[in-house]
Amino acid sequence: MQYRKFGSTDLLISEIGFGAWAIGGGAMIGNTPIGWGDADDAVSVKAIHAALDAGINFFDTADIYGLGHSEEILGKTIGHKKEMIVATKVGNVSRNEQFSVDYSKEYILKACNASLKKLKRNVIDYYQLHSARIVHLQNGECVDAMQQLQQQGKIRYWGISLNTFDPLPEADFFIDKKIGNGFQLVLNLLNQKTLPLLKQTSENGYSVIVRMALQFGLLTGKFDRGVNFSANDHRKNRLTKDVIDVSNNALTPVWALCKKYNCSKTQLALSYILSYPEVSTIIAGIRTAGQVQLNTTGLFQLDNDDRSMIERLGATDFVQLMDLIQKQG
């Protein structure tokens, strides 16, 4: 395992992290799935231990994942391992069987205490506003709450998980105001909307956590039109047959690189992201020990010419595809 600096903080984290959304299980808010289908806690615990054995020291979760279950599993499994770096998020809530958001100061302070209890920790290493938008930041309560929690020693560092399709307004606010310590953002072979932000993050000392590196599994190459997701798996409404078909066709020139590098599609997708030195870590979603192996081995240095080719596709051929993906939510 290789390790990278977490922006200008004193943290040194594994370049592959543990994305803990899926181990939360198949939670629902009303009729809306917010998880990845059912999960076996025993399998999840084995995956966490496999991650430790592989050298992963960064675990990312959120209080909404499994409606708190993801945090609870991490707390029971690694809460006592203070050398492990744990990040969680706040702001997405379930109320009256409806998905909502709450970035009020009162709520964030209360939610932080709840997360500390579930994670079995005295301090959260990295606390994130879960996709807060510019209106919430301008209101100021969420910023005040995060700064207060940091002053109280309940969180070490804090930042924001940026919107999937329109990430720049909130990032610009942070940079302009010189607040926070990092960004969680989407970057993968298809979704390259955050590329213009990377240089700014480095110049201003912000860390970068990359999520959706495999686009909900789409970039592993294992899905075809015949795939069926359970009713409590959020991908059922996102990875439609049209999205899968169009994506597989559009990615043909990219997958040709797998032969050149003698690698899997997963290894190519992850190595592409790691070719950007501004990236601190990738939180690939993990639910089994086997996925730990797939996500942490066989990574390589991508040639600059090949990265440029992928970027050209991102600015041309993939634009219409991203519009289709955005419509699915």
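Structure report, in brief. Numbers given to residues run from 1 along each chain, matching the order in which its sequence is written. Only residues with pLDDT of at least 70 are given local features in this predicted model, and only at 80 or more are side-chain atom pairs given and counted; all residues enter the totals for whole chains, interfaces and linings. Here the side-chain values reflect all heavy atoms present in the structure, with hydrogen atoms and water set aside.

## Observations concerning the overall build of the chain
- Helix and strand definitions follow DSSP, with helices as H or I runs of at least four residues and strands as E runs of at least two, each counted in order from the N terminus. Of the regular secondary structure elements, the chain holds 14 helices and 14 strands.
- Counting only C-alpha atoms, the chain reaches 50 × 40 × 40 Å along its principal axes.
- In the chain, buried positions account for 55% of the 329 residues.
- We call two residues in contact whenever any of their non-hydrogen atoms come within 4.5 Å of each other. Counting contacts in the chain only where the partners sit at least 6 residues apart, residues at least 24 apart contribute 74% of the total.
- Carbon and sulfur atoms make up 47% of the accessible area of the chain, which totals about 13900 Å². The classification of residues rests on relative accessible area computed with a 1.4 Å probe and restricted to protein chains. Under 20% of the type maximum is buried, over 50% is exposed, and intermediate values are partly exposed. Surface exposure here means Shrake-Rupley accessible area, sampled with a 1.4 Å probe, where a residue is shielded only by the protein chains that are shown.

## Things to note about the pattern of salt bridges
- Put simply, a salt bridge is a Lys or Arg side-chain nitrogen that is within 4 Å of an Asp or Glu carboxyl oxygen. A full pass over the atoms with the stated rule returns 13 salt bridges.
- Of the charged contacts in the structure, one is a salt bridge between Glu71 and Lys118, with a shortest N-O distance of 3.1 Å. Of this pair, Glu71 sits in helix α2 (residues 69–78) while Lys118 sits in helix α3 (residues 105–119), placing them 47 residues apart in sequence.
- Assessed through its relative accessible area of 22%, Lys118 is described here as partly exposed.
- Taking the shortest distance from any N to any O, the salt bridge between Arg156 and Asp125 comes out at 3.1 Å.

## Quick notes on unusual backbone geometry
- A positive phi angle, close to 55°, is found at Asn96, a residue other than glycine.
- By the element assignment, Asn96 lies in the loop between β8 (92–95) and β9 (98–101).
- A positive phi angle is found at Phe216, which is not glycine, with a value near 60°.
- Secondary-structure assignment places Phe216 in the loop between β13 (207–211) and α8 (241–250).

## Quick notes on the packing of aromatic side chains
- Here the aromatic set is Phe, Tyr and Trp, taking the six-membered ring for Trp, and pairing holds for ring centres within 6.5 Å; pairs whose planes are under 30 degrees apart are stacked, those over 60 apart are edge-to-face, and all others are tilted. Following the criterion strictly, the structure yields 10 aromatic pairs and no others.
- Aromatic pair Trp21 and Phe216: ring centres 6.3 Å apart, planes at 75°, arrangement edge-to-face. Here Phe216 lies in the loop between β13 and α8 and Trp21 lies in the loop between β3 (16–19) and β4 (28–29), a separation of 195 residues in the sequence.
- Given a relative accessible area of 8%, Phe216 falls into the buried group.
- Ring centres 5.4 Å apart and planes at 85° place the aromatic pair Tyr272 and Tyr276 in the edge-to-face group.

## Some details on the packing of α3 against helix α5 (residues 141–151)
- Angles run from 0 to 180 degrees between N-to-C directions of axes, and those axes are lines fitted to C-alpha atoms, restricted for helices to the stretch in contact. Relative orientation of the contacting elements α3 and α5 amounts to 35°, with a least axis distance of 8 Å. Considering how the two elements wind past one another, α3 and α5 form a crossing that is right-handed. Two secondary-structure elements touch here, α3 through Lys105, Glu106, Ile108, Leu109 and Cys112 and α5 through Glu141, Cys142, Asp144, Ala145, Met146, Gln148 and Leu149. We call a crossing left-handed when the near helix sits turned anticlockwise from the far one by less than a right angle, and right-handed when that turn is clockwise.

## Digging into the sheet that holds strand β11 (residues 155–161)
- Reading around the circumference, β3-β6-β7-β10-β11-β12-β13-β14 is the order of the 8 strands in this closed barrel, with parallel pairing throughout. Ignoring which end each strand starts from, the neighbouring axes of this sheet average 30° apart.
- Here, a strand pair is defined by DSSP locating no fewer than two bridges between the strands. Where β3 meets strand β6 (residues 58–60), 2 bridges bridge the pair, whose relative direction is parallel. Paired with Phe18 across the bridge in β6 is Phe59.
- Along the sheet face, α3 touches β7 (85–90), β10 (124–130) and β11 and points at about 135° away from the line of β10.

## What about the side chain of Gln215?
- If you trace the backbone, Gln215 turns up in the loop between β13 and α8.
- Sequence-distant contacts of Gln215, defined by excluding residues within four places in its chain, comprise Asn188, Asn191, Leu239 and Ile325.

## Some words on the pairing of β8
- As judged from the 4 bridges shared by β8 and β9, these two strands associate in the antiparallel manner. By the bridge assignment, Arg95 is partnered in β9 with Gln98.
- Between β8 and β9, which follow one another and run antiparallel, lie 2 residues, and Asn96 among them has a positive phi close to 55°.

## Here's the deal with the environment of Asp102
- Residue placement: Asp102 occurs in the loop between β9 and α3.
- Residue contacts for Asp102: discarding those within four places in its chain leaves Gly91, Val93, Arg95 and Tyr107.
- Among the polar contacts listed, one links the side chain of Asp102 to the side chain of Arg95, at a separation of 2.8 Å.
- Pairs of N or O atoms are called polar contacts if they sit within 3.5 Å, as long as, within protein, a hydrogen donor faces a hydrogen acceptor (for residues adjacent in sequence, only side-chain-to-side-chain pairs). Among the polar contacts made by the side chain of Asp102, one reaches the side chain of Ser104 at a distance of 2.8 Å.

## Points about the nonpolar core
- Residues Phe18, Tyr127, Leu129 and Phe174 are the most contacted members of the largest nonpolar core, which totals 96 residues.
- Once residues within four sequence positions are removed from consideration, Phe174 is found in contact with Leu129, Leu137, Trp158, Gly159, Ile160, Ile179, Gly180, Phe183 and Tyr206.
- Here, the term nonpolar core denotes a set of buried Ala, Val, Leu, Ile, Met, Phe, Trp, Tyr and Cys residues that are joined through side-chain atoms within 4.5 Å. Counting 10 residues, the second-largest nonpolar core is a separate cluster that includes Leu11, Ile85, Tyr126 and Ile209.

## Here's the deal with helix α6 (residues 168–177)
- When α6 is considered as a whole, its buried residues turn out to be Glu170, Ala171, Phe173, Phe174 and Ile175.
- Considering only its buried residues, α6 is in contact with β10, α4 (134–139), β11, β12 (182–186) and α7 (195–203).
- Where α6 ends, the next residue or the one after it, Lys178, has phi of about 55°, a positive value.

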